[in-house]
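Structure assessment
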Amino acid sequence: HAAGCRFATGSGVTRLSESWLIVGLGNPEARYLRNRHNVGQMVLDVLAGRAGGSFVNHRQVARIAQVRIGMLPGGAPGPKAILAKSNSFMNTSGGPVKNLMQYFSISPDHLLVIHDELDIPEHELRLKLGGGENGHNGLKSISTALGTRDYARLRVGIGRPVGRQSVTDFVLADFPKATLTQWATTLEQAADAVEEVVTLGLAKAQMRLHTGN
């Protein structure tokens, strides 16, 4: 792995966990709970609800739920996953994410980060591997802490503010009440996309999401 991702211990290389770490970006205090910037954590709530999991505090400055995601062919429970919400603020998400990866022996190719994306229209979803952070401070913090950008992201489109509203005010505002029903559908679709990444792999999940198949 790139510098900064030392997941082997001792002289032999440890076999890394097959579990996934699914991180929903956001800010930790109650006043931020329903902000656009916290949409990644809202997707985790849907996933935890589906899997019957609940979030508990973990010593790596995060709240986590250990669950199985989706279904395998034949109806067996899907792969193990750790759903994680950092207890630190968005722009310092990297430390808790790196610590959780080391604690659970998870490599960057089993990390999926869910975040809000200004440059995608509202309610649109995009999966990508690596690339730039597009000015997103949570992603910047994770890439810096891990020493790599090569991890999967689920980008949840929130659009851009209209008129004179600043980007900061826009992302730190709650979703308008009139849009909550539509957002509930989008969160379910985002949870579906996460399940497909974990059960089918990123490439297949991308194809299904981006082509509508």
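Residues numbered from 1 in each chain as written. Predicted model: local features only at pLDDT ≥ 70, side-chain atom pairs only at ≥ 80, totals over all residues. Heavy atoms only, no water.

Some points on the confidence of the model for the protein chain
Residues shown with low pLDDT carry predicted positions that ought not to be read at fine detail. In the predicted model, the protein chain carries a mean pLDDT of 90, and 92% of its residues have values of at least 70. Confidence drops under a pLDDT of 50 for residues 1-15, and excluding neighbours within four residues, the segment shows 24 contacts in the predicted structure. (pLDDT = per-residue confidence, 0-100. Contact = heavy atoms within 4.5 Å.)

Overview of unusual backbone geometry
In this structure, valine 61 is a non-glycine residue whose phi angle is positive, near 55°. Despite not being glycine, asparagine 134 shows a phi value in the positive range, around 55°. Take asparagine 134: it is sitting in the loop between strand S6 (125-129) and helix H3 (137-146). (Helix = DSSP H or I, 4+ residues; strand = E, 2+ residues; numbered from the N terminus.)

Focus: the side chain of asparagine 27
Among the secondary structure elements, asparagine 27 is positioned in the loop between strand S1 (20-24) and helix H1 (39-51). On the basis of relative accessible area, asparagine 27 is assigned to the buried category, the value being 7%. Here the side chain of asparagine 27 touches methionine 90 through a polar contact of 2.9 Å, landing on its backbone nitrogen. Ignoring anything within four residues of it in the chain, the contact list for asparagine 27 reads Tyr32, His37, Asn38, Gln41, Phe89, Met90 and Leu172. (Buried < 20%, exposed > 50% of the residue type's maximum accessible area, 1.4 Å probe, protein only. Polar contact = N/O pair within 3.5 Å; in protein donor to acceptor, adjacent residues only side chain to side chain.)

Concerning the sheet that holds strand S2 (residues 56-58)
With respect to topology, seven strands assemble into an open sheet ordered S2-S3-S4-S1-S5-S7-S6, the strand pairing being mixed. Looking along the sheet, the strands with just one partner apiece sit at the ends: S2 and S6. Between one strand axis and the next, the sheet turns through 30° on average, direction left out of account. In this structure, S2 lies alongside strand S3 (residues 62-68), joined through three bridges in antiparallel fashion. Residue pairing across strands places asparagine 57 opposite arginine 63, the latter belonging to S3. Against the sheet, helix H5 (residues 180-200) touches S1, strand S5 (111-117), S6 and strand S7 (152-157), its axis set at about 165° to S7. (Pairing = 2+ DSSP bridges. Axes fitted to C-alpha atoms, helices over the stretch in contact; angles between N-to-C directions.)

Some thoughts on the environment of leucine 44
As for its position among the elements, leucine 44 is in helix H1. The sequence separation of leucine 44 and glycine 24 amounts to 20 residues, and the corresponding C-alpha distance is 6.1 Å. In contact with leucine 44, not counting residues within four places along its chain, are Ile22, Val23, Gly24, Phe55, Leu83, Ala84, Lys85 and Ile114.

Considerations on the nonpolar core
Grouped together as the largest cluster of nonpolar side chains are 36 residues, with contacts concentrated most on Ile22, Leu47, Leu83, Leu112, Ile114, Leu154 and Val194. Setting aside residues no more than four positions away along its own chain, leucine 83 makes contact with Ile22, Leu44, Leu47, Ala48, Phe55, Arg63, Ile64, Ala65, Val67 and Ile69. Counting residues in each nonpolar core, the second largest holds 19 residues, with Ala84, Leu100, Phe104 and Leu111 among its members. (Core = buried A, V, L, I, M, F, W, Y, C linked by side-chain atoms within 4.5 Å.)

Some words on the pairing of S1
Remark: a regular strand shows side chains that alternate across the two faces of the sheet. Extensive coverage of S1 is indicated by the burial of five of its five residues. In S1, alternate side chains face the same way, and those of Trp20, Ile22 and Gly24 on one face and Leu21 and Val23 on the other are all buried. Direction of pairing for S1 relative to S5: parallel, over a ladder of four bridges. From the neighbouring strand, valine 23 faces S5, where its bridge partner is valine 113.

With respect to H1
Every α-helix carries 3.6 residues per turn, so stepping three or four residues along brings you back to the same face. With 13 residues, H1 should cover 18 Å at 1.5 Å per step; its first-to-last C-alpha distance of 19 Å lies within 8% of that length. Listing the buried residues of H1 in full gives Val39, Gly40, Gln41, Met42, Val43, Leu44, Val46, Leu47 and Ala48. Residues of H1 that are buried in the fold lie against S1, S3, strand S4 (80-86), S5, S7 and H5. (Expected span 1.5 Å × (residues − 1).)

Some points on the pattern of salt bridges
Tallied over the entire structure, the rule returns ten salt bridges. A salt bridge links glutamate 196 to arginine 208; the shortest N-O distance between them is 3.1 Å. Placement of the pair is glutamate 196 in helix H5 and arginine 208 in helix H6 (residues 202-211), with a sequence separation of twelve residues. One connected set of salt bridges, linked through shared partners, spans Arg50, Glu188, Asp192 and Glu195. (Salt bridge = Lys/Arg side-chain N within 4 Å of Asp/Glu carboxyl O.)

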